[in-house]
Amino acid sequence: MNGSTIGQVVANLDSWLDTMRGTGGYGGPVSHWWQNCLDYGGSGLDWRYEGIVLGYLTLHARTGEAGWLAKARRAGDDLLRGQLANGSFRHSAFELNPATGGTPHEAACALALLHLARALRTVDPAGAASYLAAAEHNLRSFWIGQLWDERTQSFRDAPATPSFVPNKGATLAEALLMLAQLVGDTGLAERYALPTLKAVLSHQLRGGEGDGAIAQNSFGTRRVLKFFPYYVARCVPGLLEGYRWSGDRHLLDGALRAMGFVLRQRYEDGSFAQVVYPGGRRNRYPQWVAATGDILRAADMLRPHGLDADTETTLAWLLKGRRASGAIVTAYGFAEQSRQGRPSPVAELRDLLPVCGWADKAFRYLAGLVPEGRPLPPAAVGPVEEPCMARGRRGVWRETPALLQLELDGVPAYSWRKGDAWATTVAPEAVWK
Amino acid sequence: MQWLDASPFAVRREGKTLLPVPAGVPTPAASRPGLPYQHALDRCAQLAWAGGGQTSVATANPLHVAQLGGRLGSSALELVWLGGRPVPEVGVWGGEIVAVPTREVTMMIWTEPASQTAVEDFKAVSRGLCPGGRLAVIVAGPLAGLRITGPGARRKPTIGLLALLRLIRSASLSVERVDGFGWAPAFLWAYTSSLCERIGRPDLGDRCLVRHRELFAVSGVQAALAALTVVVARRGATTGGPRQ
């Protein structure tokens, strides 16, 4: 895949992201393994901001064009405007929106703000300080204030429940280490981030076929032995950041093993299983498309540390998800989530749904591949219309710069006007959580 | 904000307007109602949005106030408080709080009508509906006691679905749609899921749990058997209903 093709894909994604903005920021419905959020389409101050802000910062760094920095700042300003007095962000729970206190989403937002603060430190110290203060407020008040568990030396997923989710811990550790660096407070690293990364490693399998796999979560001492390749890959950046900070080779070894596990779950077409269970059983569908950007990014981060892997097929899998709108589709095989049979050639509504909080993963990764020192080409986008399934019925899926719509038998069954807080039409076929 | 001052890179945030925290929502876990209520509250909010115009919320449950306020932006809403005195601290609610509707609305959301006062409350609630306006009522179904737990769950005995439908029809409102959230087959799949987990087949357990969610929302007759029901009714464009 040459650089100019990637540049075009990124320009189109940027154009699509612009269509997804409403009053409070980037909005749109969400499909996910755990739950879906089709009714609410208003802004979501969740992990979509990590990929969006970091993607724009990367474009600024690679092309030197000021417009990308302005877009990163615009996204950062969404977070500032949507921060609550207790440090949390409004509507920060992605598939559970509109709710607040989303994990790992708020850590991902804080991480985005910290990157923005670092990028602006010399050019606009006052602006940088406001982004830093917002991130610090969130990390100290919400995460440390409400979720730190002194006894287990890790962060809970809910204040009242002894629990830990490694991929969330890894994202949070990444943010805490960056905050520690920016404010010069090594205590944040020693007291919170590094113990949390140790907890991540304590959830990792050693030896055998599952070597490197990281259990999805735990309640108290009970590990939930479900291994999501995508989420295992999400642990890598945090572990690497911990290694950079501390020089602890266990963290690097854990990251390399994690990616080794992820790559062993790859199919010939470059896609990954959704969940792997003990004994090698799998639930393959839905398979992420846009989100594989995070897996590719994690792999690239490990190459300087000895990872030798060909990821071209996965990049091709991701790019197969491109649509004329500029978006990249969410998944393949959602209709088979409960049966795990062979997906129909006609995609399901939740597969085709372009979701900011998944497309941002592709955007961030691909932004890092655009040619340096050259501006992106103008976006070349258009409307989308393709066949689609919803609850066993065949219909038509449409996307324009102003609308997402599913039509069944000539009648709209789902309509969301971009920028609106809620869908205008949600027929029973589109009622999904 | 001592810790902010300690940071060499920080600015004071005093004087900056941060959004208020919804009352009763101090933690992530507490901020989310259970799945039936997520469905029901979202359904009401979506209908209110789609209808445009003025919306009021009639409830005696402070959690519903915070949840609907968060969904719809409470500053534009009128809250018809049915919980008696004292009116609780409802935090994020920035709109007017009244005992009976003071203006005509295109959408009235009524949550968990109490069985003892439902008839009286209905008169007050429906009085504010403009011709063509919609009433959405969240009412607990036969499985509610069995399954609904967590924040937002009902506290007092609420009116049954059939009694509610009689009330609605007696006021010449036409029922447009009945949606149910959480019914027996869905719960059976959830139970099967936990069985699969226990016998060491989490892969099957996850599939069953997905099936549970696929079957969770029903409409029409099936909705009558659900844990939680949303009845949507509309006042005729010319009928007066109980306003006189």
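The rules behind these values
Residues numbered from 1 in each chain as written. Chains lettered and ligands numbered in written order. Predicted model: local features only at pLDDT ≥ 70, side-chain atom pairs only at ≥ 80, totals over all residues. Heavy atoms only, no water. Helix = DSSP H or I, 4+ residues; strand = E, 2+ residues; numbered from the N terminus. Rg over C-alpha atoms; globule rule 2.2 N^0.38 Å. Buried < 20%, exposed > 50% of the residue type's maximum accessible area, 1.4 Å probe, protein only. Contact = heavy atoms within 4.5 Å. Buried area = accessible area lost by both parts, 1.4 Å probe. Salt bridge = Lys/Arg side-chain N within 4 Å of Asp/Glu carboxyl O. Polar contact = N/O pair within 3.5 Å; in protein donor to acceptor, adjacent residues only side chain to side chain. Nonpolar A, V, L, I, M, F, W, Y, C, P; charged D, E, K, R; others polar. Phe/Tyr/Trp six-rings, centres within 6.5 Å; stacked < 30°, edge-to-face > 60°. Lys NZ or Arg CZ within 6 Å of the ring centre and 35° of its normal. Pairing = 2+ DSSP bridges.

Enquirer: What should I look at first to understand the overall build of chain A in this one?
Expert: Scanning chain A from N- to C-terminus turns up 14 helices and 16 strands. Over its C-alpha atoms chain A spans a radius of gyration of 20 Å, differing by no more than 12% from the 22 Å that the globule rule assigns to 433 residues. Here chain A, with 433 residues, has 66% of them falling under the buried criterion. Contacts in chain A between residues far apart in sequence, at least 24 positions, make up 66% of those at least 6 positions apart.

Enquirer: Would you take a moment to explain the interface of chain B and chain A for this structure?
Expert: One widely used convention gives an interface's size as the accessible area the parts lose upon coming together. Facing 47 residues of chain B, the contacting portion of chain A comprises 63 residues. Each partner contributes to the roughly 4,600 Å² buried at the junction of chain B and chain A, and carbon and sulfur atoms together form 58% of this total. At the junction of chain B with chain A, the criterion picks out four salt bridges. One salt bridge connects B:D203 with A:R281, and the closest N-O pair in it is separated by 4.0 Å. If you look at where chain B meets chain A, you find 19 residue pairs in polar contact (both at pLDDT 80 or more). Breaking the side of chain B that touches chain A down by element, the ones donating at least two residues are α1 (2–6), α2 (35–51), α3 (62–72), β6 (173–181), α8 (202–214) and β7 (217–219) of chain B. Top element by residues in the side of chain B that touches chain A is α2(B). It accounts for nine residues. In terms of residue class, the side of chain B that touches chain A is built from 24 nonpolar, eight polar and 15 charged.

Enquirer: When you look at unusual backbone geometry in this model, what are you seeing that I'm missing?
Expert: Only a minority of non-glycine residues have a phi that is not negative, and only a minority of peptide bonds are not trans. All names here are of chain A. With an omega dihedral of 0°, the bond running from N97 to P98 counts as a cis peptide bond. As for its position among the elements, P98 is in the loop between α3 (66–81) and α4 (105–120). Of note, the bond from Y285 into P286 is cis; its omega dihedral lies within 30 degrees of zero at -5°. Examined against the element boundaries, P286 turns out to sit in the loop between β9 (282–283) and β10 (287–288). Not every positive phi belongs to a glycine, and F94 is a case in point at roughly 55°. Along the chain, F94 turns up in the loop between α3 and α4. Using a relative accessible area of 0% as the deciding quantity, one classes F94 as buried.

Enquirer: Help me understand the packing of aromatic side chains in this model?
Expert: Between two aromatic rings, the relevant description is the distance of the centres plus the angle of the planes. Residues and elements named next belong to chain A. Using the criterion set out here, one finds 26 aromatic pairs over all chains in the structure. Between the aromatic rings of W33 and F228, the centroid separation amounts to 6.0 Å while the plane-to-plane angle is 75°, which identifies the pairing as edge-to-face. One end of the pair, W33, is in the loop between β2 (25–26) and α2 (48–63); the other, F228, is in the loop between β7 (222–224) and α8 (229–234), with 195 residues separating them in the sequence. The exposure class of W33 is buried, given its relative accessible area of 5%. On the basis of relative accessible area, F228 is assigned to the buried category, the value being 1%. Aromatic rings pair up to connect W33, W34, W47, F94, F228, Y230, Y231, W288, F334 and W358 into one cluster. Note that R350 overlies the ring of W432, its terminal NZ or CZ placed 4.1 Å from the centroid. The ring of W432 has R391 lying over it, and the distance from NZ or CZ to the ring centre is 4.3 Å.

Enquirer: Before we go on, may I ask you to explain the environment of A:S154 in this structure?
Expert: Residue and element names in this part refer to chain A. Examined against the element boundaries, S154 turns out to sit in strand β4 (residues 154–155). Counting along the chain gives 135 residues from S154 to V289, while the straight-line C-alpha distance between them is 31 Å. Excluding residues within four positions of it along the chain, S154 makes contact with L147, W148, D149, F164, T196 and A199. Looking at S154, its side chain comes within polar contact range of the side chain of T152, at 3.1 Å.

Enquirer: Sorry if this is basic, but what is going on with the sheet that holds strand β6 (residues 217–219) of chain A here?
Expert: Strand pairing in a sheet relies on backbone hydrogen bonds, with the paired strands running either antiparallel or parallel. All names here are of chain A. One open sheet holds the three strands; their spatial order is β5-β6-β7, and the pairing between them is antiparallel. In the strand order of this sheet, the two ends are held by β5 (163–164) and β7, each with one partner. Note: β5 against β6, two bridges, orientation antiparallel. Each residue of the ladder has a partner; that of S163, found in β6, is F219.

Enquirer: I tried to follow the side chain of A:Q340 on my own but got confused; where do I start?
Expert: Mapped onto the elements, A:Q340 comes out in the loop between β11 (331–332) and α13 (349–352). By relative accessible area, which is 16% here, A:Q340 ends up buried. Within the local environment of A:Q340, its side chain forms a polar contact with the backbone nitrogen of A:R284, the two atoms lying 2.7 Å apart. A polar contact is formed between the side chain of A:Q340 and the backbone oxygen of A:Q337, at a distance of 3.1 Å. Apart from the residues within four sequence positions on either side, A:Q340 is in contact with A:N283, A:R284, A:Y285 and B:R207.

Enquirer: Any chance you could explain the environment of B:E78 here in plain terms?
Expert: All names here are of chain B. Counting through the fold element by element, E78 comes out in strand β2 (residues 78–81). When the C-alpha positions of E78 and D121 are compared, they lie 16 Å apart, and in sequence the two are 43 residues distant. Here the side chain of E78 touches S56 through a polar contact of 3.4 Å, side chain to side chain. Among the polar contacts made by the side chain of E78, one reaches the side chain of T102 at a distance of 2.3 Å.

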